[in-house]
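Structural overview for review
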Amino acid sequence: MARRKIAYRKRHQNRFSMFLVTLVVIMIMVAVAVQSVELEQKIEAYAAREEQLKEQIAAEDERTQEIEEYRKYTQTKAYVEEVAKDKLGLVYEGEILFKEDD
């Protein structure tokens with residue numbers, strides 16, 4: 001009779017232990033699933049940010065190219081003549097300017 005009680009307790013303890021182990025494994029799986037969802041959201045946010053930064057880089061590259069072209073233009077004779085006419089009012093000898101009356 002005593003052996004039966006001991007065997008019953010061991011079986012009962014084994015079932016309870018298996019239940020606890022199963023419960024812990026399920027809890028770990030739930031935690032991993034939640035973390036994976038959060039990581040997927042972060043990946044999507046980072047991908048959107050990366051795309052935005054690539055667009056900014058492209059815009060800045062274009063702006064850099066425009067500035068370089070303007071720098072080259074400012075070193076030409078045509079630019080010097082344009083500034084002299086517009087800002088300083090200078091003209092070539094024998095050139096006639098027509099101005100509108102207000």
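In this report, the structure presented in the accompanying data block is examined. This is a predicted model, so every value here is computed, not measured. (Residues numbered from 1 in each chain as written. Predicted model: local features only at pLDDT ≥ 70, side-chain atom pairs only at ≥ 80, totals over all residues. Heavy atoms only, no water.)

Right, let's talk about the overall build of the chain for a bit. On a plain count of helices and strands, the chain comes out with two helices and zero strands. Expressed as a percentage of the 102 residues in the chain, the buried residues total 1%. (Helix = DSSP H or I, 4+ residues; strand = E, 2+ residues; numbered from the N terminus. Buried < 20%, exposed > 50% of the residue type's maximum accessible area, 1.4 Å probe, protein only.)

With that settled, the discussion passes to the pattern of salt bridges. Within the structure shown, the criterion is met by three salt bridges. A salt bridge links Glu60 to Arg63; its shortest N-O distance comes to 3.6 Å. In this pair, Glu60 and Arg63 both sit in helix 1 (residues 2-74), three residues apart, roughly one turn of the helix. (Salt bridge = Lys/Arg side-chain N within 4 Å of Asp/Glu carboxyl O.)

A separate point is the packing of aromatic side chains. Evaluated as defined, the whole model comprises two aromatic pairs. With 6.2 Å between their ring centres and 80° between their planes, Tyr70 and Tyr79 make a pair best called edge-to-face. A ring pair is formed by Tyr73 and Tyr79, whose centres lie 5.4 Å apart and whose planes are at 75°; its orientation type is edge-to-face. A relative accessible area of 21% means that Tyr79 is categorised as partly exposed. Through a chain of ring-to-ring contacts, three or more aromatic side chains come together here, namely Tyr70, Tyr73 and Tyr79. (Phe/Tyr/Trp six-rings, centres within 6.5 Å; stacked < 30°, edge-to-face > 60°.)

Our focus in this paragraph is the environment of Gln52. Position of Gln52 among the secondary structure elements: in helix 1. In terms of polar contacts, Gln52 uses its side chain to reach the side chain of Arg49, at 3.1 Å. (Polar contact = N/O pair within 3.5 Å; in protein donor to acceptor, adjacent residues only side chain to side chain.)

Together, Phe16, Phe19, Leu20, Leu23 and Met27 line one region of the surface with nonpolar side chains, adding up to about 510 Å² of accessible area. With respect to the helices and strands, the residue Met27 is situated in helix 1. (Patch = residues over 30% accessible without salt bridge, like charges linked within 9 Å, V, L, I, M, F, W, Y side chains within 5 Å. Areas by Shrake-Rupley, 256 points an atom, 1.4 Å probe, with all protein chains shown as cover.)

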